[in-house]
Amino acid sequence: MSTITSETPASKFRLPTNVKPTHYDLTVRTDLDKLTFDGSVTVSLDVKEETKTIVMNSSKLKLGQATVHSTGSQSDQLSSEPSFDEKEKRVSFSFPTVLPAGTQAKITIGFSGELTGSMTGYYRSSFEEEGKTKYYSLTQFEASFLFATDARTAFPCWDEPALKAKYTITMVSKSDTVNISNMPITSDKVFSPSDHADLQTLFVDLNEEWKITKFETTPLMSSYLVAFANGPFEYLESSAKMPLSGRTIPLRIYATKDLIHQAQFALDVKAKVLPLYEQVFEVEYPLPKLDTLVANDFDAGAMENWGLITGRTSALLLDPKKADLAAKKRVVVVQSHEVAHMWFGNITTMEWWDYLYLNEVLICLYSLISRAFPEFKPNSEFITVHLNRALALDSKLSSHPIEVACPNAESIGQIFDGLSYSKAASVLRMLSAYVGEDKFLKGVSLYLKAHLYANSVTNDLWVGISKSTGTDVINFMDNWVKKIGFPVVTVTETSGGIKVRQDRFLETGLAEGKDNETIWNIPLSILTFDASGKTIIDKTAVLDSRESTFALDTSKPYKLNAGTNGVYRVLYEDAHLSKIAAEVAKPDSAFTVEDRMGLVNDALALSKAALMKLSNALTLIDALRYEQEYLVWDGISANLSSLAAIWWEDENIRNLLNAFRISLFSPFVQKLGYEYPASDSPDISQLRTCAIGQCLAAKDQSVINELKGRFAQYMKTGDDSVIPADLQGAIYRAAVTYGGQDEYNAVKGIYDKAPTPTSRISAMTAMCQSKDPARIEETYEIALKRARDQDVVYFLSGFASNDITKRQVTHFFQDHYEELYKRFESTFMIRYLVETTYGGLSTQKDLDEMNAFFKDKDTSKYHMGLAQSLDSIRARIAYIEHSSSDVRHWLEAWKQGN
């Protein structure tokens, strides 16, 4: 496969700088009957260097000759036939006369294209109405695996984030449809020759069946944030009073008629967080409105188009009568995330894709979401959702730095992963905890104000936070952003305190040689106790060398990384870990929820790396069996599920582990039951769901019988009230796993006509749990032939979690590789399919077969995901080899003692 070396100049993959766009006058006509679009764009240019040639981005479009008018020549010139560079997705226009430097020019180009189902560029999405398939169109321009961005597939443009311009958009569509774009509508009229003579020249077949929608001009913005959509949309409406400007901003959420009733909650979230962000960032929201469009077919979760957020149904819809808590939290996080992008990424945009994480700085501001939705404890949940995810991914040799060179389009698609998002968020959360959140947010505000409607690089953010804190943030953070990996801090006790040492942590052990050269500035945040037993946290302690010593009283409990804000693991001596286990077991433990979450995650990660015995990690979990906080149990649940997935082929260990899981979670099932009263707190509801899910996975027969019985009652009566929304995934799964053809057909029926996005996803993954070969084959066929593109990954994930199909699904993927690759090569999905399909394998034979299959494939669009999957298998093989005996002996001893 071809690769880009570090010596390849980035300029080779960037557009020439001889002209710079300042304004686009864009007209797009959409024909939903023919599934085509066409139009014209006139781009105002500043001519920076004398030139006869204009190069811009274009792909998959039919283009005519261009005309250019220059203030230097005061005449129109017609270009030669366009010259296309398919590899770089560019088009060149050459003109007879030179455009002089220092002048202005306008280039006009006609274009046309097809509305495909690619979920990229300007594409079509489908929905059902009265038994018929209908379509609408929308844009998705942020980076895909084929292009730097996909605006170039909708209209010819300068498709780079630093080339900001203003956009005046006109949409032409059938008169019975709705048009929406980044800005408010200025006019929306049925076509008439007298009002729209200019457009009749462009579109000769216009008549009264068409309408013309014109929009206000945008502020300066990057091309990937341009958005427009056309279709039979309906909307809900609200507004937000802004604290700085005093303006009232109209808010809408659009969807098709069948979905709009589930959109109110996302609209309410948007109304709640928009004023909050303006107040905290101290920068006015600059647009006159903020809309959201819910799409049936969408590659990512959601997209932050300025003034017109777009996203998939599962990220933005919630049926108020059938709302499970996980879906509610997802809508809160996704909508809040995209609204915050109106500042981060939209007002201030990364200079190039190397700095993608600067757009995602907002993820670390879960504390802001906590102000709007404290009941969900989002700042604490960050540890599970982002920090632990980031550390798991970054512990692989195949990891990459947060800030990574992205010279070409293929490399850009590779970095949209957990490192650019979750690790970036985690290191910024660590910095916020170290310097203080108020000072951190003040620095972020200074950063935004210094780069309004402009572009930025890493140091620009550090300069803002340095000003607000008086700290040399550039030096402090440099290695966290520019170097690969993260450290494990090893703690050993001395006569006067502790000695700490840092090494790069890998999931297979400590890094060695050239892989262990980085020295990070590590905020140790040491928690100790004073003479009265009160906790003290030393936030000034920093490990900025390989080793150092710190004075403290080791006779009392202590812990590093208080609050689990740091992006590192901590390895204690066995004796001190025993003291910690005794402390966390106390009902009034001084260790916070976040501390306890971090201890569990560290212990399991260290055991996987053979730096701690797995038996010691299980002893810590056993000490927490009287824990009452959901988030701690959520971490325990995820880690035990991971162990069960690793030892899935060792029946003895699996059975013992299942007995241990049941002993931990069954008491909560007995205590909390299966109903979800409205009076329950979110913690109680989630703990109930977690406990029932763990007992089902561990084959607790009483739980299986209860869940099967509820589904049987639903099948008999059609009354779905016996299936609480929070338990539908578990109930569907139990029905298919332990049921027959009737149960499978019933779940398939739910998939076909799902009342909510959550129930549809639950049905998809449940259908993959069958033990029957015929039903398994039927589900494979559905995944391949009937599933929406965005849903295929759910099927593969379901198969990968079924012991019967865990390996079988790799054969399915390989048998249909060419078809799947062609179907998903332009989206993020191809990487996810590889990672999901091979994610559960754990033997040398698996590794060898995987390497053999991909040996002759062009993996350039997913090579990072492939490398990470291979690393994961190697780590599982090593884990099984070094810990099987230890975990078996511990579980056997536990069983004998209970």
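The residue count restarts for each chain, going from 1 along the sequence in the order it is written. The model is predicted, so local features are restricted to residues of pLDDT at least 70 and side-chain atom pairs to those at 80 or more, both for listing and for counting; the totals for chains, interfaces and linings are taken over all residues. Hydrogens are left out, water is left out, and the side-chain values use all remaining heavy atoms of the structure.

## Comments concerning the overall build of the chain
When helices and strands are counted, the chain shows 29 helices and 32 strands. Computed over the C-alpha atoms, the radius of gyration of the chain is 28 Å, within 12% of the 29 Å expected from 2.2 N^0.38 for a compact globule of 898 residues. Principal-axis analysis of the C-alpha atoms gives the chain an extent of 90 × 70 × 60 Å. Three labels apply to residues, based on accessible area from a 1.4 Å probe with only protein chains included: buried if under 20% of the type maximum, exposed if over 50%, partly exposed otherwise in between. Classification of the 898 residues of the chain by burial places 60% in the buried group. Contact definition: two residues touch when any of their heavy atoms are within 4.5 Å. Within the chain, contacts between residues separated by at least 24 positions form 73% of all contacts whose residues are at least 6 apart in sequence. For the chain, the distance from the average position of its 94 positive side-chain charges to the average position of its 114 negative side-chain charges is 1 Å. The numbering of helices and of strands both runs from the N terminus, where a helix is a DSSP run of H or I of at least 4 residues and a strand a run of E of at least 2. Here the globule rule reads 2.2 Å times residues to the power 0.38, and the radius of gyration is calculated from C-alpha atoms. In this charge count, Lys and Arg are treated as positive and Asp and Glu as negative; neither His nor the chain ends contribute. One atom stands in for each charge, and that atom is NZ of Lys, CZ of Arg, CG of Asp or CD of Glu.

## Brief notes about the side chain of Arg661
Take Arg661: it is sitting in helix H17 (residues 651–672). Only one rule defines a salt bridge in this text: a Lys or Arg side-chain nitrogen within 4 Å of an Asp or Glu carboxyl oxygen. Although Arg661 is buried, it makes no salt bridge; Asp803 carries the closest opposite charge, 9.0 Å away. Every residue in contact with Arg661, bar those within four places of it in the chain, is listed here: Leu640, Ser641, Ala644, Gln694, Ala697 and Ala698.

## Things to note about the state of the cysteines
Sulfur atoms of two cysteines make up a disulfide when they are within 2.5 Å. Evaluated as defined, the whole model comprises zero disulfides. The thiol of Cys690 is not disulfide-bonded; the next cysteine sulfur, from Cys695, is found 9.3 Å away.

## A word on helix H19 (residues 701–717)
The span one expects for a helix is its residue count, reduced by one, times 1.5 Å. If you check H19, its first and last C-alpha atoms are 24 Å apart, about what 17 residues at 1.5 Å a residue would give, namely 24 Å. For H19, every residue scored as buried is listed here: Val703, Ile704, Leu707, Arg710, Phe711 and Tyr714. Along the long axis of H19, the arc covered by the buried residues comes to 135°, so they all point the same way. Those residues of H19 hidden inside the fold are in contact with H17, helix H18 (682–697), helix H20 (728–738) and helix H21 (741–752). Where H19 terminates, the next one or two residues include Gly718, which has phi positive at roughly 75°. Working definition: the arc comes from the directions between the helix axis and the C-beta atoms, pointing outward to the latter.

## Side note on the pattern of salt bridges
Following the criterion strictly, the structure yields 48 salt bridges and no others. The partner of Glu629 in a salt bridge is Lys377, with the nearest N and O atoms 3.2 Å apart. Taken together, the residues Glu629 in the loop between helix H15 (614–623) and helix H16 (630–646) and Lys377 in the loop between helix H6 (366–372) and helix H7 (378–394) connect sequence positions 252 residues apart. According to the relative accessible area criterion, Lys377 is partly exposed, its value standing at 29%. Note that Asp394 is salt-bridged to Lys423, the shortest N-O span being 2.7 Å. Note that Asp394 is positioned in helix H7 and Lys423 in helix H9 (residues 419–435), a separation of 29 residues in sequence. Residue class for Asp394 comes out buried when judged on its relative accessible area of 1%. Given a relative accessible area of 1%, Lys423 falls into the buried group. Salt bridges sharing common partners tie together Arg501, Asp503, Arg546 and Glu547.

## With respect to unusual backbone geometry
Of note in this structure, Met119 is not a glycine but carries a positive phi near 65°. Judged by its relative accessible area of 1%, Met119 falls in the buried class. Within the chain, Ser525 stands out as a residue other than glycine whose phi angle is a positive 45°. Tracing the sequence through the fold places Ser525 in the loop between strand E27 (522–523) and strand E28 (526–529). Residue classification places Ser525 among the buried positions, given a relative accessible area of 12%.

## Quick look at the environment of Phe440
Within the fold, Phe440 resides in helix H10 (residues 437–450). Residue class for Phe440 comes out buried when judged on its relative accessible area of 0%. For the pair Phe440 and Ser175, spaced 265 residues apart in the sequence, the C-alpha separation amounts to 50 Å.

## Considering the packing of aromatic side chains
In this analysis, rings of Phe, Tyr and Trp, with Trp reduced to its six-membered ring, are considered paired at centre separations within 6.5 Å, and the interplanar angle assigns stacked below 30 degrees, edge-to-face beyond 60, and tilted for intermediate values. Applying the stated criterion to the full structure yields 41 aromatic pairs. Consider the rings of Tyr285 and Trp343, whose centres lie 5.9 Å apart with planes at 50°: the pair is tilted. Linking Tyr285 in the loop between helix H2 (264–281) and strand E19 (290–295) with Trp343 in the loop between helix H4 (325–340) and strand E22 (348–350), this pair joins segments that are 58 residues apart in sequence. Taken individually, Tyr285 and Trp343 each receive the classification buried, so the pair is uniform in this respect. Three or more aromatic residues joined by ring pairs form one cluster here, namely Tyr24, Phe37, Tyr122, Phe141, Phe155, Tyr167 and Phe228. The ring of Tyr235 has Arg252 sitting right over it, with the charged end atom 3.8 Å from the ring centre. Two conditions define a charge sitting above a ring: the NZ of Lys or the CZ of Arg must be within 6 Å of the ring centre, and it must be within 35 degrees of the ring normal.

## Considerations on the packing of helix H23 (residues 773–785) against helix H26 (residues 817–824)
In a pair of packed helices, the angle between the axes and the distance between the axes together describe the arrangement. Packing of H23 against H26 brings their axes to within 12 Å, and their N-to-C directions diverge by 35°. Here Ala783, Leu784 and Lys785 of H23 come into contact with H26, specifically with Glu819, Leu820 and Arg823. The classification used treats Ala, Val, Leu, Ile, Met, Phe, Trp, Tyr, Cys and Pro as nonpolar, Asp, Glu, Lys and Arg as charged, and all other residues, Gly among them, as polar. Partitioned by chemical class, the residues of the contact of H23 with H26 number three nonpolar, no polar and three charged. With axes taken as lines fitted to C-alpha atoms, and helix axes fitted only over the stretch in contact, angles between N-to-C directions fall between 0 and 180 degrees.

## Quick notes on the nonpolar core
Counting 283 residues, the largest nonpolar core has Ile107, Phe155, Trp158, Phe228, Trp343, Leu524 and Leu560 as the members making the most contacts within it. A total of 11 residues in this core trace back to one element, the largest contributor, which is H2. Excluding residues that lie within four positions of it along the chain, Trp343 makes contacts with Leu274, Tyr277, Glu278, Phe281, Val283, Glu284, Tyr285, Thr348 and Leu448. Among the buried residues, those of types Ala, Val, Leu, Ile, Met, Phe, Trp, Tyr and Cys that are joined through side-chain atoms within 4.5 Å form a nonpolar core.

## So, the confidence of the model for the chain
Along the chain, pLDDT gives the predictor's confidence residue by residue, from 0 to 100. A residue-level look at the chain finds 96% of positions with pLDDT of 70 or above and a mean pLDDT of 94. Segment residues 1–9 is flagged for pLDDT under 50; beyond a separation of four residues in sequence, or across chains, it makes nine contacts in the model.

## Concerning a nonpolar patch on the surface
Together, Leu220, Leu452 and Tyr453 line one region of the surface with nonpolar side chains, adding up to about 220 Å² of accessible area. Relative to the assigned elements, Leu452 resides in the loop between H10 and strand E23 (454–456). Exposure above 30% relative accessible area and no salt bridge define the residues that can form patches, which grow by joining like charges within 9 Å and nonpolar side chains of Val, Leu, Ile, Met, Phe, Trp and Tyr within 5 Å. Each accessible area is a Shrake-Rupley estimate made with a 1.4 Å probe; only the visible protein chains count as cover when residues are assessed.

## Points about the pairing of strand E29 (residues 535–538)
With four bridges connecting them, E28 and E29 associate as antiparallel partners. Bridge pairing in E29 places Leu527 opposite Ile537. Two strands are said to pair when DSSP picks up at least two bridges between them.

## What about the side chain of Thr103?
Mapped onto the fold, Thr103 is located in the loop between strand E8 (90–99) and strand E9 (104–114). The exposure class assigned to Thr103 is buried, which follows from its relative accessible area of 13%. Apart from the residues lying within four places of it in its own chain, the contact partners of Thr103 are Leu45, Asp46, Val47, Ser70, Thr71 and Gly72.

## A look at the sheet that holds strand E18 (residues 248–255)
If you trace the five strands from one edge of the open sheet to the other, you get E17-E18-E19-E21-E20, paired in mixed fashion. Strands with a single pairing partner mark the edges of an open sheet, and in this sheet they are strand E17 (234–241) and strand E20 (302–303). Sheet analysis places E17 next to E18, joined by eight bridges and oriented antiparallel. Across the sheet, Ser238 pairs through a bridge with Leu251, a residue of E18.

## Comments concerning the sheet that holds strand E3 (residues 51–57)
On the basis of which strands lie adjacent, the open sheet formed by three strands has the order E3-E8-E7 and antiparallel pairing. Where the open sheet ends on each side, the last strands, each with one partner, are E3 and strand E7 (83–85). Pairs of neighbouring strands in the sheet enclose a mean axial angle of 30°, with direction left out of account. Here six bridges tie E3 to E8, and the two strands are oriented antiparallel to one another. Paired with Met56 across the strands is Val91, a residue of E8.

## Let's talk about helix H14 (residues 593–608)
Side chains that are three or four residues apart share a direction in an α-helix, a result of its 3.6 residues per turn. Across its 16 residues, H14 extends 23 Å between first and last C-alpha, which sits within 8% of the 22 Å expected from 1.5 Å per residue. In terms of burial, H14 is a largely internal element, 15 of the 16 residues being buried.

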